[in-house]
Amino acid sequence: MPQRGDHSPPLAPEGLVRRVWRSVFPHPVLPRSERERRRTILEFFVLHLRPVRVLRSTLRYTHTFGLGGSSLTLVALMVGTGALLMLAYEPTPDRAYLSVVALERDTLFGGLVRNIHHWCANILVVVVLAHLLRVLFTGGFHGPRQFNWVIGCGLLGLVLAANFTGYLLPWDQLAYWAVTICTGMLGYVPWIGGWLQAVARGGPEIGASTLVLFYAFHTTLLPVLLGLVMGLHFWRVRKAGGVVDPRPSGEPPESEPQHVSTLPELLLRELAAALALVAVVCVLAALVDAPLGAAANPGMSPNPSKAPWYFVGFQELQLHFHPLFAVVVIPVAAVLALLAVPYLRYEPEMSGPWFLSARGRRSAALAAAAGAAATAVLVVVDGLLLQSRAGTPGLIGRGLLPAAGFLVAVTGFRRLLAARLGAVKAEIVQATFVLCFAVWAMLTVVGVFFRGPGMALAWPWG
Amino acid sequence: MSESIQESSRRSFLGRLWLVLGGVALAEAVWIVVAFFQPRRRSGARDAETIYVAGPVERFEPGTVTPFPDGRFYLTRLADGGFLALNRECTHLGCTVPWVAAEGRFVCPCHASSFDMRGEVLGPPAPRPLDHFPVRIENRIVKVVLGSPIRRRVVADSQVTRA
């Protein structure tokens, strides 16, 4: 209990420096006792988003792999490097590319800062996706965490948006045509497609207004929004009492849960993980340069032109499905399914160990193998059939039928899991999610590595 | 008693009024934001219709396709002597389609859509023929009316201009 005596003025008059210091930090900066440590967590603005005490069992690195904290670290690095890049960058079609070239050539460490920004952005997408999977695999979306799953999905959307808007800014061939293709997809949304596309481009075609629009979103609107929603996300984790307990939820725990103080037990571990990540990013940025193609040329599309890698899966869908399905039906269904995960009825709710149980692990592995293999086979079969086919894709043959086939296959797979492995709802939902994720991942791999000139299937080594 | 009823109904009326006014203010703010997101017209020269002078009829051999990079279109002269001005943007996702003279067709580098010299779709995934611009021939000079490209579901002879 805090005592009244804490704040009573000392007997001897204080010097100015000491009084100012105490007005900024009314509490000890380096806490020494357990009580002081808890106060530090509560009183400092940034720290108060964290729980005061956490379960000792959640501290193990392999329980979370520090993916949430890694995301925060990467975002912080990007804010820092992004602020530096803003000083050098000129957001007009005439100057954008030249200003990036000049930055890399003339500014001390200009290229390194750009590399760090670039690699952070790409690693962030991977880490955020891994974080999503970790939460899914440990069942961290039940009870008080339900809505935080939705917030997390919103953060994923913001990260992708921030990444995509940044992709255009160098104004090289890569950027120009990737954005042309991605905004071109919007044109297939029924009724409002044309308008939507014009809004995304800030005009009828990609030009100065597109660049200003993307620049404003990338440097101001999205980072501010991202920061606010991240705060909400962390605060909700605190309200749920830290991350999910890794011990199985159903069984009675062998001993009473053991709590430890967040400071230093959790924060020191997080600091170590963050520093390791910063080191990895810096080494990567020093060794591998961020790509910069030739200056954008609206008259010549490179062959092949691809979307940024995290959207290549959608681009791959374009090659197999009617545009209405590839652009609207499938993505909307995927997003709705993603948001629905915490709101399904689970009997029982399972959480804690990775993949929920041994059975859950087997089902998930089976789902990943089946999804990836089936997708690879279907892509090749469809690619070879396409070669001999002419005419525009039909809504039934290239939309309804394959979609129905997919649903039937998934339903069959779920039945199989229940009948053969005796999987329960939580494990079946997990396996279904893994199946869909594997399909998407395989589409991405095919699009990134196995599509050559004219988007024909090709080996990556030529 | 009646006073307190009056009091409470006045209160609820004022409360509702606040709600309505707040709603109006919110709607105005949304309206302003939406207005700022409306696509702007290009400040360039193609805002209004501009006439692009391609050249004398004789310059274009029948059965050839001539690119005009600065006008962003291709001028096709059909074997029968008719002219068609084709927008160079693929109707699938907007990549620029190059004319592959050796194969006698346009092939999109992005998703392999292909079109014949009239803009007709030869291979998917393009959903419709290449857009076109109106062509005029005055004093045996070919002129192309550049503005918004014209979308078409089918390639028809009525789109062709003959000298």
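It should be emphasised that the depicted structure is a prediction, and the values quoted were computed from it without experimental measurement.

1. Things to note about the overall build of chain B
Alright, step 1. Within chain B, the secondary structure is distributed over one helix and 11 strands.
Alright, step 2. Start at the N end of chain B and walk to the C end: the helices and strands fall as α-β-β-β-β-β-β-β-β-β-β-β.
Alright, step 3. Against the compact-globule benchmark of 15 Å for 163 residues, chain B has a radius of gyration of 28 Å, which places it well outside the compact range.
Alright, step 4. Counting all 163 residues of chain B, 28% fall into the buried class.

2. Considering the sheet that holds strand β4 (residues 83-87) of chain B
All names here are of chain B.
Alright, step 1. In spatial order, the strands read β2-β3-β4-β9; together these four strands make up an open sheet with antiparallel pairing. At either margin of the open sheet sits one strand with a lone partner, and together these are β2 (64-68) and β9 (132-133).
Alright, step 2. Here β4 pairs with β9 via two bridges, running antiparallel. Its bridge partner lying in β9, leucine 86 is registered against histidine 132.

3. As for the interface of chain B and chain A
Alright, step 1. On the chain A side, the residues contacting the 21 residues of chain B number 31 residues.
Alright, step 2. With three residues, strand β8 (residues 121-123) of chain B is the largest single contributor of residues to the side of chain B that touches chain A.

4. Quick word on helix α15 (residues 396-421) of chain A
Alright, step 1. Across its 26 residues, α15(A) extends 35 Å between first and last C-alpha, which sits within 8% of the 38 Å expected from 1.5 Å per residue.
Alright, step 2. Downstream of α15(A) by one or two residues, A:Gly422 has phi in the positive range, about 65 degrees.

5. Here we look at the environment of A:Glu316
All names here are of chain A.
Alright, step 1. Within the secondary structure, glutamate 316 sits in helix α12 (residues 309-320).
Alright, step 2. Given 26 C-beta atoms within a 10 Å radius, glutamate 316 is considered buried.
Alright, step 3. Between the C-alpha atom of glutamate 316 and that of leucine 74, which follows or precedes it by 242 residues, the distance is 29 Å.
Alright, step 4. Those residues in contact with glutamate 316 that sit more than four places away from it in its chain are Leu443, Val446 and Gly447.

6. Regarding the pairing of strand β3 (residues 73-77) of chain B
All names here are of chain B.
Alright, step 1. With respect to burial, β3 is a largely interior element, five of its five residues being buried.
Alright, step 2. Judged by which residues are buried, β3 turns out to be covered on both faces: Phe73, Leu75 and Arg77 on one side and Tyr74 and Thr76 on the other are all buried.
Alright, step 3. With five bridges connecting them, β3 and β4 associate as antiparallel partners. The residue bridging tyrosine 74 from the neighbouring strand is leucine 86, located in β4.
Alright, step 4. Remark: five residues form the turn of the hairpin made by β3 and β4, two consecutive strands paired antiparallel; glycine 81 in that turn has positive phi of roughly 95 degrees.

7. Structural notes on the domain arrangement of chain B
Alright, step 1. Segmentation of chain B into domains returns domain 1 (1-38) and domain 2 (50-159).
Alright, step 2. Between domain 1 of chain B and domain 2 of chain B, the C-alpha centre-to-centre distance is 57 Å.

8. Brief notes about the confidence of the model for chain B
Alright, step 1. Model confidence for chain B is summarised by a mean pLDDT of 84, while 91% of its residues fall at 70 or above.
Alright, step 2. Confidence estimates for the predicted assembly give a pTM of 0.88 and an ipTM of 0.79.

Rules and cut-offs
- Residues numbered from 1 in each chain as written.
- Chains lettered and ligands numbered in written order.
- Predicted model: local features only at pLDDT ≥ 70, side-chain atom pairs only at ≥ 80, totals over all residues.
- Helix = DSSP H or I, 4+ residues; strand = E, 2+ residues; numbered from the N terminus.
- Rg over C-alpha atoms; globule rule 2.2 N^0.38 Å.
- Buried ≥ 20, exposed ≤ 12 C-beta atoms within 10 Å, placed from the backbone.
- Pairing = 2+ DSSP bridges.
- Contact = placed C-beta atoms within 7 Å.
- Expected span 1.5 Å × (residues − 1).
- Domains from an automatic or database assignment.
- pLDDT = per-residue confidence, 0-100.

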